[in-house]
Amino acid sequence: MKSAVVVELSTSTELKLAVFSSCSYMEKDINDPLREAFTEVVCFDARLDGKTAKLAEGFDAVCLFVNDSCDAEVIETLSSGGVKFIAMRCAGYDRVDVAAANAAGIRVSRVPAYSPYAIAEHAVTLMLTLNRQVHKSYLRVREGNFTLDGLVGFDMRGKTVGIIGTGKIGRVTAGILKGFGVRIVAYDIFQSAEAIEMGIEYMELEDLLPICDIISLHLPLSEATYHMIDEDAIALMKPQCMVINTSRGGLIDTAAMSEALKRRDVGSLAIDVYEKEQALFFQDLASQSDSQAGSSIPDYFDHEYTMLASLPNVIVTPHQAFLTQEALNNIAESTIISLNEFSRGDTLTNEVKL
Ligand code: NAD
């Protein structure tokens, strides 16, 4: 597969860029193109937070990912260290205090749409995996168990799927699902003409929840959407309903969802995002605990996550929905364009505005 980034590289000799949450899969696809475009790029494995913000001292810009934490305190440290620009290499910016950044004279950009297909296709992958129990049969067959007990799924055809959030990813998800012959209903604060043309039926959330066999969340995390799927919302759902979340963990009240799954008030759950994923995701905690033999059990074993992930009707993937070659290329291209615009003092095409 072609991995070269097709972008007009206008090299900035002035820009000093610090990349946080760098990791091996990014090297070829994001870090190398950034290094080609800018003369001084330093990649830190560390996640940005209150403890690591000092690393950015002396840099003009920082490049951040989904789990970097950029609250008002971090912004203050970045600002006093000379940072003037935050380039998010993701769509969501719920972990950046944009108001505090702007007040400190720091501008923020993001990558609004690097591949809605990557995330939508992952959401549908999770739906089909949960439905047909592929995660279970894969493990069984590897151990020589070829029985079918407990693997009964359902035909997608004729089922009702609720798409909550009919933006770019929600609409692509709906488009894929139409091929299965499902009825698609939706809730969004804005009704999309494109979605209506696709035959999607809009309704209020309280009318959608009781009629869906599958619910897929495609909303940004904000004050308005935090814990949108809480105890009350769950109480309205069909007991066999499948819930898919590829958006942001905070959309679901995890404690309420765990209890509902245990009681079988929700049929199944597949999540690519988790409320407290910052403590877990993108790290190899299993190897860390091996190398710490004899020391105390790492905190993550105490985590409510452990209870959730151990339920048989739950699948967790580690925020990987975006991870396709095409998405990585687009992320690098868009991030380089934003950084170039910043270094030239141009209008930022993808600036996050409050
Ligand atoms: P989008 O902006 O195109 O669509 C979001 C939709 O949510 C819009 O139609 C908007 O009207 C709706 N919305 C916003 N607030 C609402 C509210 N309070 N009530 C009802 N509807 C509301 O965004 P998108 O590109 O489709 O992305 C959706 C989300 O997917 C992102 O915000 C991000 O959190 C997540 N995402 C996850 C991954 C991943 O790897 N798992 C990757 C990219 C994006």
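Everything numeric in this text was worked out from a predicted model, so none of it was measured. (Residues numbered from 1 in each chain as written. Predicted model: local features only at pLDDT ≥ 70, side-chain atom pairs only at ≥ 80, totals over all residues. Heavy atoms only, no water.)

Draft legend 1. Focus on a nonpolar patch on the surface. Taken together, the side chains of Val134, Tyr138 and Leu139 present a nonpolar region at the surface, about 310 Å² in accessible area. Relative to the helices and strands, Tyr138 resides in helix H5 (residues 134-142). (Patch = residues over 30% accessible without salt bridge, like charges linked within 9 Å, V, L, I, M, F, W, Y side chains within 5 Å. Areas by Shrake-Rupley, 256 points an atom, 1.4 Å probe, with all protein chains shown as cover. Salt bridge = Lys/Arg side-chain N within 4 Å of Asp/Glu carboxyl O. Helix = DSSP H or I, 4+ residues; strand = E, 2+ residues; numbered from the N terminus.)

Draft legend 2. Local environment of the site of the ligand. Taken together, 23 residues surround the ligand, and among them Tyr114, Lys168, Ile169, Asp188 and Thr246 come closest. One nitrogen or oxygen atom from the main chain of Ile189 is found 3.4 Å from a nitrogen atom belonging to the ligand. Bound to the protein, the ligand loses 86% of the 870 Å² it would expose on its own. Split by residue class, the shell around the ligand holds 12 nonpolar, seven polar and four charged. (Near = heavy atom within 4 Å. Polar contact = N/O pair within 3.5 Å; in protein donor to acceptor, adjacent residues only side chain to side chain. Nonpolar A, V, L, I, M, F, W, Y, C, P; charged D, E, K, R; others polar.)

Draft legend 3. Structural view of the layout of surface pockets. Taken as a whole, the largest pocket spans an internal volume of roughly 1200 Å³. Around the largest pocket sit 48 residues that line it, and Arg110, His218, Leu219, Pro220 and Leu221 are the ones nearest its centre. Those elements giving two or more residues to the lining of the largest pocket turn out to be helix H4 (116-132) and helix H6 (168-178). It is H6 that contributes the most residues to the lining of the largest pocket, three residues altogether. Grouping the amino acids of the lining of the largest pocket by side-chain chemistry returns 23 nonpolar, 15 polar and 10 charged. When we break the lining of the largest pocket down by domain, the ones giving at least three residues each are domain 1 (4-114 + 324-344) and domain 2 (116-316). Lining the second largest pocket we find 17 residues, and of these Leu130, Gln133, Phe154, Gly267 and Ser268 sit closest to its centre. Mapped by element, the contributors of at least two residues to the lining of the second largest pocket are H4 and H5. When its residues are assigned to classes, the lining of the second largest pocket shows five nonpolar, eight polar and four charged. (1 Å grid on protein atoms, 1.4 Å probe; cavity = no way out; pocket = protein on both sides within 12 Å on 5 of 7 lines; lining within 4 Å. Points joined across faces, edges and corners; volume = space filled by probe spheres on them. Domains from an automatic or database assignment.)

Draft legend 4. View of the pattern of salt bridges. Applying the stated rule across the entire model yields 14 salt bridges. One salt bridge in this structure joins Glu201 and Arg183, with 2.8 Å as the shortest N-O distance. Here Glu201 is found in strand E8 (residues 201-202), whereas its partner Arg183 is found in strand E7 (residues 183-187), with 18 residues between them in sequence.

Draft legend 5. The arrangement of unusual backbone geometry in detail. The residue Arg264 is not glycine, and still its phi comes out positive at about 65 degrees. Note on placement: Arg264 falls in the loop between helix H10 (254-263) and strand E11 (268-271). In this structure, Phe282 is a non-glycine residue whose phi angle is positive, near 70 degrees. Along the chain, Phe282 turns up in the loop between E11 and helix H11 (285-291). Classification of Phe282 by relative accessible area gives partly exposed; the value is 39%. (Buried < 20%, exposed > 50% of the residue type's maximum accessible area, 1.4 Å probe, protein only.)

Draft legend 6. Here's a closer look at the sheet that holds E11. With respect to topology, seven strands assemble into an open sheet ordered E8-E7-E6-E9-E10-E11-E12, the strand pairing being parallel. Only two strands of the sheet have a single partner each, and these edge strands are E8 and strand E12 (314-316). Relative to E11, strand E10 (residues 242-245) is paired through four bridges, and the arrangement is parallel. Bridge assignment links Val243 to a residue of E11, and that residue is Leu269. (Pairing = 2+ DSSP bridges.)

Draft legend 7. Empty space enclosed by the protein, seen in detail. Taken as a whole, this structure holds two cavities of 30 Å³ or more when the rule is applied. Looking at the largest cavity, its volume works out to about 60 Å³. Considered class by class, the residues forming the lining of the largest cavity number seven nonpolar, three polar and one charged. Taken as a whole, the second largest cavity holds about 40 Å³ of empty space. In terms of lining, the second largest cavity is formed by Phe65, Val66, Met88, Gly92, Tyr93, Asp94, Arg95 and Arg248. When its residues are assigned to classes, the lining of the second largest cavity shows four nonpolar, one polar and three charged.

Geometry only, nothing functional implied.
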